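What the coordinates show
Okay, here's what each chain looks like letter by letter:
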Amino acid sequence: MIKLTLVVACALIDADNRVLIAQRPEGKTLAGLWEFPGGKLEPGERPEPALIRELAEELGITVEEPCLAPLTFASHGYETFHLLMPLYICRKWEGTVTAREGQQLAWVRANKLRDYPMPPADIPLIAHLTDLLL
């Protein structure tokens, strides 16, 4: 039986309708690939509080739960686990987005997201963001 891994991701959208993506740093699985910020849920944690925690840890911003809107999800089978990843959009946060874990950040127009190599689970999410933002 393959392990099911639940992670949560966010498409932060700025005033210019650009989406924030982060490059996985060296030493992590899939290093060098670009992804939407987020991370794994702790045991017993709901997706929204997990995403709020991850955005604070990774980017130094404060997000309120009503500012997170579910958009879609990814379901992808990797070799050793199956990933289930809801994607939320967020247009309002407090603080300045800052790379706090050594990752590179990029604000990208939705129609340019395919120019950045991403993990297989993230790629199908691009079409939903493109439909929303273009």
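Residues numbered from 1 in each chain as written. Predicted model: local features only at pLDDT ≥ 70, side-chain atom pairs only at ≥ 80, totals over all residues. Heavy atoms only, no water.

The next subject is the UniProt feature "binding site: 8-oxo-dGTP" (unreviewed entry) in the protein. Within the UniProt annotation, "binding site: 8-oxo-dGTP" (unreviewed entry) is assigned to Arg24, Glu35, Phe36, Pro37 and Gly38. None of the other annotated residues line the largest pocket; only Arg24, Glu35, Phe36 and Gly38 do. Assignment of secondary structure puts Arg24 in the loop between strand E2 (18–23) and strand E3 (34–35). Non-local contacts of Arg24, meaning those with residues more than four positions away in its chain, are made with Thr29, Leu30, Ala31, Gly32, Leu33 and Glu35. Filtering out sequence-adjacent residues up to four positions away, Glu35 remains in contact with Ile21, Ala22, Arg24, Pro119 and Asp122. (UniProt positions renumbered as here; feature names shortened; annotations may be inferred. 1 Å grid on protein atoms, 1.4 Å probe; cavity = no way out; pocket = protein on both sides within 12 Å on 5 of 7 lines; lining within 4 Å. Helix = DSSP H or I, 4+ residues; strand = E, 2+ residues; numbered from the N terminus. Contact = heavy atoms within 4.5 Å.)

We now examine the environment of Gly60. For Gly60, the position within the fold is in the loop between helix H1 (47–59) and strand E5 (68–77). Given the relative accessible area of 33%, Gly60 is considered partly exposed. Linking Gly60 and Glu94, residues 34 residues apart in sequence, is a C-alpha distance of 9.0 Å. For Gly60, the contacting residues outside a window of four places in its chain are Leu55, Thr96, Thr98 and Arg100. (Buried < 20%, exposed > 50% of the residue type's maximum accessible area, 1.4 Å probe, protein only.)

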